[in-house]
Protein chains: 2
Amino acid sequence: MIVLYMSMSLDGFVVGPDDSFDEPMGRGGFRLFNWLDDRNGDGPSAQVYAEGQATGALIAGRRTYEHARRWQGDHHDGVPMFILTRHVDPDDVPPGTAQYVTDPAEAAALAKAAAGDRNVMVHGAGAAQALLREGLIDELELSVVNVLLGRGRRLFDNLPAEYIELEQVRQLPARDVTHLRYKVVK
Amino acid sequence: MIVLYMSMSLDGFVVGPDDSFDEPMGRGGFRLFNWLDDRNGDGPSAQVYAEGQATGALIAGRRTYEHARRWQGDHHDGVPMFILTRHVDPDDVPPGTAQYVTDPAEAAALAKAAAGDRNVMVHGAGAAQALLREGLIDELELSVVNVLLGRGRRLFDNLPAEYIELEQVRQLPARDVTHLRYKVVK
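Values in this document were obtained by computation on a predicted structure and should not be read as measured data. (Residues numbered from 1 in each chain as written. Chains lettered and ligands numbered in written order. Predicted model: local features only at pLDDT ≥ 70, side-chain atom pairs only at ≥ 80, totals over all residues. Heavy atoms only, no water.)

(A) Layout of the relation of the copies chain B and chain A. Note on the identical chains: chain B maps onto chain A by a rotation of 180 degrees and an axial translation of 0.0 Å, with an RMSD of 0.0 Å. Between the two chains, the operation in question is that of a two-fold axis. Every residue of chain B has its C-alpha some distance from the rotation axis, and the shortest such distance is that of Gly12(B), at 3.4 Å. (Least-squares fit on C-alpha atoms with pLDDT ≥ 70 in both.)

As structure tokens, this is what we get:
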């Protein structure tokens with residue numbers, strides 16, 4: 001199963017304004033990660049975090065990947081990473097477990113095969129949009145943070161004017177965040 | 001207390017694409033109101049609906065007001081309606097309990113006075129944004145519907161790049177919707 005994991009402000013932003021390589025979360029965007037202070041506790045935020053860490057492969061977009069300094073080659077537990085990009089430079093050998101893929105469907109197939117019976121994590125707005133457009137995401141795990149950022153990069157953007165129906169799977173209120181999980185109806 | 005009541009898709013839209021006087025919710029936007037089928041039951045959706053209906057005054061923006069055919073002069077229970085607009089035509093006498101106001105702070109003051117010890121309902125993206133910018137909204141009651149609309153009119157848009165901190169008040173999952181209530185931290 002392919003699951004999107006993202007922290008999002010209530011107004012839909014996953015990065016603050018003016019994000020760049022030097023300020024990868026944009027101005028103030030790290031506000032979205034306060035709830036991770038509870039990742040090692042025993043509440044819902046720890047549960048959601050642990051589920052993400054238990055995924056067996058990652059799909060991310062190129063911007064997220066670069067802004068995250070390529071996760072130094074290891075997003076978590078050394079799982080295979082499939083980086084969606086428009087252009088592959090043959091001289092660019094990505095570190096660690098990463099490989100570049102230009103087609104979302106190919107990334108999904110490779111990641112599912114690599115993850116085996118574990119889930120695949122999707123991370124980043126670009127990858128989310130590319131996979132949603134192709135109907136390749138099975139569930140959404142959105143950590144909706146108690147803040148309006150006002151500006152920044154939106155998680156849901158550049159999608160066609162077509163319904164994507166969802167089913168509620170789970171709602172977990174926690175300190176500073178509400179974890180909302182949905183199944184994509186296909 | 002001034003409370004924003006809005007139904008919103010998970011991707012942040014309160015109206016579908018291409019809204020107009022003839023199609024006031026845009027294409028497919030009435031999808032956001034399916035949960036109102038439960039408004040007369042005894043579950044959370046009925047509770048949230050009843051709370052909205054118990055408000056003692058309304059603030060809405062001009063677009064919402066016109067697209068709703070001016071609510072034929074009565075949004076609910078004949079409560080006073082304050083319509084935010086940039087321009088008042090002296091020949092335009094609004095029906096029923098409506099009056100035009102050009103200043104958000106004045107609309108807030110008039111509506112609070114009119115509502116007495118009841119809450120004030122704010123409705124519509126334009127009014128929400130105008131009042132949020134001025135710090136005039138106390139709580140948000142967002143009915144987050146299980147759908148991505150992809151395009152349309154966003155509830156949270158045109159806001160400055162400044163944090164608005166929120167506190168969780170209540171999370172009520174219901175059929176096809178999750179009712180999220182927040183307090184605006186001032």
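Moving on from the coordinates now.
(B) Summary view of helix α3 (residues 104-115) of chain B. Residues and elements named next belong to chain B. Over its 12 residues, α3 extends 16 Å from the first C-alpha to the last, a length consistent with the 16 Å expected when each residue adds 1.5 Å. Every buried residue belonging to α3 is among Pro 104, Ala 107, Ala 108, Ala 111 and Ala 115, and all of these are buried. The buried side chains of α3 occupy one side of the element, clustering within an arc of 100 degrees when seen end-on. Each element contacted by the buried residues of α3 is listed here: β1 (2-9), β3 (57-61), β4 (81-84), β5 (98-101), β6 (120-123) and α4 (125-133). Backbone geometry just downstream of α3 places Gly 116 in the positive-phi region, at approximately 65 degrees. (Helix = DSSP H or I, 4+ residues; strand = E, 2+ residues; numbered from the N terminus. Expected span 1.5 Å × (residues − 1). Buried < 20%, exposed > 50% of the residue type's maximum accessible area, 1.4 Å probe, protein only. Arc of directions from axis to C-beta. Contact = heavy atoms within 4.5 Å.)

(C) Layout of the interface of chain B and chain A. In this complex, chain B contributes 39 residues to the contact, which on the side of chain A involves 39 residues. Residue Arg31(B) pairs with Glu165(A) through a salt bridge whose shortest N-O separation is 2.7 Å. Inspection of the chain B/chain A interface yields 22 residue pairs in polar contact (both at pLDDT 80 or more). Among the secondary structure elements, those contributing two or more residues to the side of chain B that touches chain A are β7 (139-145), β8 (147-148), β10 (164-174) and β11 (177-184) of chain B. At eight residues, β10(B) tops the list of elements feeding residues into the side of chain B that touches chain A. By residue class, the composition of the side of chain B that touches chain A is 22 nonpolar, seven polar and 10 charged. (Salt bridge = Lys/Arg side-chain N within 4 Å of Asp/Glu carboxyl O. Polar contact = N/O pair within 3.5 Å; in protein donor to acceptor, adjacent residues only side chain to side chain. Nonpolar A, V, L, I, M, F, W, Y, C, P; charged D, E, K, R; others polar.)

(D) How the structure looks around the sheet that holds strand β3 (residues 57-61) of chain A. Reading across the sheet, the nine strands line up as β5(A)-β4(A)-β3(A)-β6(A)-β1(A)-β7(A)-β11(A)-β10(A)-β8(B) and stay open at both edges, with mixed pairing between neighbours. Two strands close off the open sheet at either side, each with one partner strand: β5 (98-101) of chain A together with β8 of chain B. As paired elements, β3(A) and strand β6 (residues 120-123) of chain A share four bridges and run parallel to each other. In the strand pairing of β6(A), Ile59(A) is matched with Val122(A). Helix α3 (residues 104-115) of chain A rests against β1 (2-9), β3, β4 (81-84), β5 and β6 of chain A of the sheet, and its axis sits at about 160 degrees to β3(A). (Pairing = 2+ DSSP bridges. Axes fitted to C-alpha atoms, helices over the stretch in contact; angles between N-to-C directions.)

(E) Looking closely at the pattern of salt bridges. Summed over the entire model, instances satisfying the criterion amount to 34 salt bridges over all chains. Salt-bridge contacts for Glu139(A) lead to Arg181(A); the nearest nitrogen and oxygen are separated by 2.6 Å. One end of the pair, Glu139(A), is in strand β7 (residues 139-145); the other, Arg181(A), is in strand β11 (residues 177-184), and 42 residues separate them in sequence. Accessibility classification places Glu139(A) together with Arg181(A) in one group, the buried group. With its nearest N and O atoms 2.7 Å apart, the salt bridge here joins Glu66(B) to Arg62(B). Residue Glu66(B) and its partner Arg62(B) are both found in helix α2 (residues 62-67); the two are separated by four residues, about one turn of the helix. Residue Glu66(B) is classed as partly exposed on the basis of its relative accessible area, which comes to 21%. Classification of Arg62(B) as partly exposed rests on a relative accessible area of 23%.

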